[in-house]
Amino acid sequence: MRYAIIADVHSNLVAFQAVLQDIESKGGIDEIWCLGDVVGYGPEPHACIELLCQYKHICVAGNHDWAAISKLDISDFNPYAAQAILWTRQQLAAGDMNYLQGLPQRIKRGDFTLVHGSPRHPIWEYLEPGWLSTKDVEDNFNQFDTKFCLVGHSHKPIVFQQDSLKHYSVTKIPSEIRLSFESERLIINPGGVGQPRDGDPRASYAIYDGEAQMVYYYRVNYDISATQQKMMEYNLPSPLTERLSYGY
Ligand code: ZN
């Protein structure tokens, strides 16, 4: 079985479609594993939920997904993110809200645990180097019992490793991870589909091939200006529009 690992679509339908097309060109997948934040920031929340639901998929809740249905207060959001959430709330159909309401915080599938933020705080903690002490990283590895954990939220494609001696390291995600040879436990972030933040504006995602025990990491060009045009039409905050050009 093959699985697409996607995170942080953020209502960017054009980027999401480009990723789905790229997946098809690589032989397709059996199921999508979505790491949350389907909505927020971008111009097409309803269409993104609708498109995701056309696929066999599992999905965990992100902070923007919860904020969009008022399950999370937006007082902790920056003003632009909060403004986009207020707009998003008006765009969601009843079915969309039900869908977001039903998303779990954590899903376990075989060797993998799926969360949006971190194993310790699935909704809001950022697993980002520089923000975390070694103790924080260690604590997070203690908060899931599978070999691998998949996270989103930071929109940065990185891999945390815990070796057999419980030493910790973090690297940029490589283009291929051979899981069968890994004695390490890993926390893998496939980067963001709809709002990359690693300085590369292309959409970011991964495919897990269960038979080969491989994770493949990909970047995909999409029509950024098409998404920006829609954001301008809906008067979404211009810093959110501009950042898509730069991937930060
Ligand atoms: Zn996000």
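Below or above, wherever it landed, is the structure these notes cover.

What counts, and where the lines are drawn
- Residues numbered from 1 in each chain as written.
- Predicted model: local features only at pLDDT ≥ 70, side-chain atom pairs only at ≥ 80, totals over all residues.
- Heavy atoms only, no water.
- Pairing = 2+ DSSP bridges.
- Helix = DSSP H or I, 4+ residues; strand = E, 2+ residues; numbered from the N terminus.
- Axes fitted to C-alpha atoms, helices over the stretch in contact; angles between N-to-C directions.
- Core = buried A, V, L, I, M, F, W, Y, C linked by side-chain atoms within 4.5 Å.
- Buried < 20%, exposed > 50% of the residue type's maximum accessible area, 1.4 Å probe, protein only.
- Salt bridge = Lys/Arg side-chain N within 4 Å of Asp/Glu carboxyl O.
- Lys, Arg positive; Asp, Glu negative; His and termini not counted.
- Polar contact = N/O pair within 3.5 Å; in protein donor to acceptor, adjacent residues only side chain to side chain.
- Contact = heavy atoms within 4.5 Å.
- Phe/Tyr/Trp six-rings, centres within 6.5 Å; stacked < 30°, edge-to-face > 60°.
- Lys NZ or Arg CZ within 6 Å of the ring centre and 35° of its normal.

**Focus on the sheet that holds strand E10 (residues 185-188)**
Ordered by their spatial adjacency, six strands build an open sheet running E4-E5-E6-E10-E7-E8, and the pairing between neighbours is mixed. Both outer strands of the open sheet, strand E4 (107-109) and strand E8 (168-172), are each paired with one neighbouring strand and no more. Each strand axis lies, on average, 20° off the axis of its neighbour in the sheet, ignoring direction. As paired strands, strand E7 (residues 158-162) and E8 are joined by five bridges and run antiparallel to one another. Each residue of the ladder has a partner; that of isoleucine 158, found in E8, is lysine 172.

**Concerning the sheet that holds strand E9 (residues 176-178)**
The six strands are arranged E3-E2-E1-E11-E12-E9 in an open sheet whose pairing can be described as mixed. Because the sheet does not close on itself, it has two edges, and the strands there are strand E3 (57-59) and E9. Between one strand and the next, the sheet's axes are offset by a mean angle of 20°, whatever the strand orientation. Pairing of strand E2 (residues 31-34) with E3, which is carried by three bridges, proceeds in the parallel orientation. Looking at E3, one finds that cysteine 34 is bridged to cysteine 59.

**Some thoughts on the nonpolar core**
Counting 50 residues, the largest nonpolar core has Ile6, Phe16, Val19, Val38, Leu52, Leu100 and Tyr222 as the members making the most contacts within it. Ranked by residue count, the leading element in this core is helix H1 (residues 13-25), at eight residues. Residues Leu35, Ile107, Phe112 and Ile188 belong to the second largest nonpolar core, which totals 22 residues.

**Here we look at the pattern of salt bridges**
The final tally for this structure, using the stated rule, is 13 salt bridges. For aspartate 209, the salt bridge identified is with arginine 2, shortest N-O distance 3.8 Å. Of the two residues, aspartate 209 is situated in strand E11 (residues 203-209) and arginine 2 in strand E1 (residues 2-6); the sequence distance between them amounts to 207 residues. When sorted by exposure, aspartate 209 lands in the same class as arginine 2, which is buried. Because the salt bridges share partners, they merge into one network encompassing Arg120, Glu125, Asp136 and Asp139.

**Focus on the side chain of aspartate 96**
Mapping aspartate 96 onto the fold places it in helix H5 (residues 94-101). Buried charged residue aspartate 96 carries no salt bridge. Nearest counter-charge: arginine 89, at 13 Å. Polar side-chain contacts of aspartate 96 include one of 2.8 Å to the side chain of histidine 46. When residues no more than four places from it in sequence are discounted, the contact partners of aspartate 96 are His46, Ile49 and Gln91.

**Regarding the packing of aromatic side chains**
Following the criterion strictly, the structure yields twelve aromatic pairs and no others. Look at tyrosine 205 and tyrosine 218: their rings are 5.4 Å apart centre to centre, the planes differ by 35°, and that puts the pair in the tilted class. One end of the pair, tyrosine 205, is in strand E11; the other, tyrosine 218, is in strand E12 (residues 214-220), with 13 residues separating them in the sequence. Looking at tyrosine 205, the relative accessible area reads 0%, which means it is buried. One aromatic cluster is present, built from ring pairs that chain together Tyr3, Trp33, Phe112, Phe148 and Tyr208. The aromatic ring of tyrosine 218 is capped on one face by lysine 26, whose charged end is 4.5 Å from the ring centroid. Just above the ring of phenylalanine 144 sits the side chain of arginine 185; from NZ or CZ to the centre is 4.3 Å.

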